[in-house]
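Each chain, written out:
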Amino acid sequence: MSGVKATMRTDALMEAVRAKIANRALVEGDRLPSVRSFAETMGVSPSTVVEAYDRLEAEGVIRARRGSGFYVTGANLPPMALAEMGAPRERDVDPFWVSRQSLDADGSFLMPGCGWLPADWMPHAALRKGLRALSRADDALLADYGSTRGALALRRLLLARLADEGIAATPEQMLLTTSGTQAIDLICRLLLRPGDTVLVDDPCYFNFQALLRAHQARIVGVPFTPTGPDVAAFTQALAQNPRLYITNSALHNPTGATISPQTAHRVLGAAAAQGMTIVEDEVFADFEPSPSPRLAVLDGLQRVIRIGSFSKTLSASVRCGYIAARRDWIDGLVDLQVATQFGGPSPVATELIAGVLAGGSYRKHMDEVRQRLARARKDATERLGALGIKPWLAPRGGFYLWCRLPDGLDSAVLARRCMEQKVVLAPGNVFSVSQTAGAFVRFNAAQLGDRRVFGILKEAMKDSMPPRPATARRKQSAAL
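Trainee: I'm lost on the sheet that holds strand β11 (residues 390-391) in this one. Help?
Mentor: Sheet strands pair via backbone hydrogen bonds, and the direction of the pair is either parallel or antiparallel. The 4 strands are arranged β11-β12-β14-β13 in an open sheet whose pairing can be described as antiparallel. At either end of the open sheet lies a strand with only one pairing partner, and these are β11 and β13 (426-427). Bridge analysis of β13 against strand β14 (residues 440-444) gives 2 bridges, and the strand direction is antiparallel. Bridging across to β14, A426 finds its partner in R442. Strands β11, β12 (400-404) and β14 of the sheet are contacted by helix α15 (residues 361-385), whose axis makes an angle of about 15 degrees with β12.

Put into structure tokens, the structure is as follows:
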């Protein structure tokens, strides 16, 4: 009888694995749970799991890798039964939700939650002039792969900008990438292993979290203040032996805050004592009216890695980023870029960007953008304030306003309501590791020029307000 029970338990385990494969909870290449963990989960002995895995391997459903475990083969994979799946589950309001809504929205959507300037704010004349010049370029520039470090002309322009800040660097310390996101991805590939701890600000740019989860990092949030990370919390978090800290020093995303000199020195000192590397994302630097403290400047690119891109200031369609770091790290990053995309960014993109940066039009463009943003932030603050939505602070530049909603409102609920009216919002908890920012929304002041947003927002706020308890309604009636 005991043999029959053992066989039934083995069959049940095999069916559980087959079911996960059938509904795509496990796909080709996925690793199955270890024998011990699966046995604990299912309440059976390890030998029963071994028997089930052996039989599934004999069927070709899974395969064993010596010293590594069991993996799904993809063989004998049943078709997905769409009829049995039911209605699609409503997607969680998470970083991917915001990214998908922003990137996939058509021209009929209003975009106060997106992370870029309106198209008509960008330097189209300079870009078109550059494109016309490229049409007369050598055939090689139009047809060949990019060099491993990226175009030398653009790297030299960026090195000159670093020198203006006080950072002495050589061309060997500069690597061009296809984007700022790819820059962080390469750094994570070089310096992280699955399970490593990484510090981020809380709140922080939501795609930092998405990317770090893709690298299977352990994310620890450090509370962010109007002058930078909370130094006491930052120092305490170092006890967890983090490998990296990723931050924006200037015009922080999403809060718009800028690190103070005192905080910058304390953060650098604490990180150096622990031996941790800092990644400083400078994508918003050119929106500042004047330079503020920079970790990379104070550190001299010893333990701080500087990254940036031109998607926010020039064009998200012509993407290019960069990494400035120690030469030995750049050498490793070059190899990773070759391995993952065979060469640096498009020569067409780098030549176009270099041409715009080298001309006087870029400086004029950014001067105009900063002036427009100052007016847009003031106007947005007044109009949002009329709805009871208050900025956490007044940024010294940029386009982000990190705003608190009136009491009782949940920003995720509000975002869904607004999406029904084709308005994309960025609710607070998508930026928060600790999930403590449900009362906040990140607004893009440059995308609030269409006054329809405020009317839709007002109605959505009414619809999103939770009903008051019956006792509160009775008290109000009695008072009347």
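Trainee: Even after reading the chapter, I still don't get unusual backbone geometry, so can you show me in this structure?
Mentor: Only a minority of non-glycine residues have a phi that is not negative, and only a minority of peptide bonds are not trans. Here the residue pair D202 and P203 is connected by a cis peptide bond, since its omega of 10 degrees sits within 30 degrees of zero. Assignment of secondary structure puts P203 in the loop between β4 (197-202) and α9 (206-214). We note that L301 has phi near 60 degrees; this positive angle belongs to a residue other than glycine. As for its placement among the helices and strands, L301 is situated in the loop between α12 (295-299) and β9 (304-309). Taking relative accessible area as the criterion, L301 reaches 1% and is therefore assigned buried. Of note, the phi angle at Q435 is positive, near 60 degrees, even though the residue is not glycine. Within the secondary structure layout, Q435 lies in the loop between β13 and β14. Residue classification places Q435 among the partly exposed positions, given a relative accessible area of 48%.

Trainee: Can you walk me through the packing of aromatic side chains in this structure?
Mentor: Given two aromatic rings, one states the distance between the centres and the angle between the planes to describe the pair. Applying the stated rule across the entire model yields 15 aromatic pairs. Seen from their ring centres, F38 and Y53 are 5.9 Å apart, and the 15 degrees between their planes marks the pair as stacked. Placement of the pair is F38 in helix α2 (residues 35-42) and Y53 in helix α3 (residues 46-58), with a sequence separation of 15 residues. Considered together, F38 and Y53 belong to a single accessibility category, that of buried residues. Ring geometry for F284 against F399: centres 5.9 Å apart, planes inclined by 80 degrees, an arrangement best described as edge-to-face. You can see F284 sitting in the loop between β8 (277-281) and α12 and its partner F399 sitting in the loop between β11 and β12, a full 115 residues away along the chain. Here F284 falls in the buried class, since its relative accessible area comes to 4%. Here F399 falls in the buried class, since its relative accessible area comes to 2%. The positively charged end of R65 is found above the aromatic ring belonging to Y71, 3.8 Å away from the centroid.

Trainee: Help me out: how do you make sense of the nonpolar core in this one?
Mentor: Within soluble globular proteins, side chains that are nonpolar generally end up buried alongside one another. One finds F443 and L457 to be the most contacted residues of the largest nonpolar core, which totals 93 residues. Take this core: its biggest share by element is 7 residues, from α15. When residues no more than four places from it in sequence are discounted, the contact partners of F443 are P112, L384, I389, F399, Y400, L401, C403, L425, L448 and L457. Ranked by size, the runner-up nonpolar core spans 27 residues in total, among them L186, C188, L191 and L192.

Conventions we followed
- Residues numbered from 1 in each chain as written.
- Predicted model: local features only at pLDDT ≥ 70, side-chain atom pairs only at ≥ 80, totals over all residues.
- Heavy atoms only, no water.
- Pairing = 2+ DSSP bridges.
- Helix = DSSP H or I, 4+ residues; strand = E, 2+ residues; numbered from the N terminus.
- Contact = heavy atoms within 4.5 Å.
- Axes fitted to C-alpha atoms, helices over the stretch in contact; angles between N-to-C directions.
- Buried < 20%, exposed > 50% of the residue type's maximum accessible area, 1.4 Å probe, protein only.
- Phe/Tyr/Trp six-rings, centres within 6.5 Å; stacked < 30°, edge-to-face > 60°.
- Lys NZ or Arg CZ within 6 Å of the ring centre and 35° of its normal.
- Core = buried A, V, L, I, M, F, W, Y, C linked by side-chain atoms within 4.5 Å.

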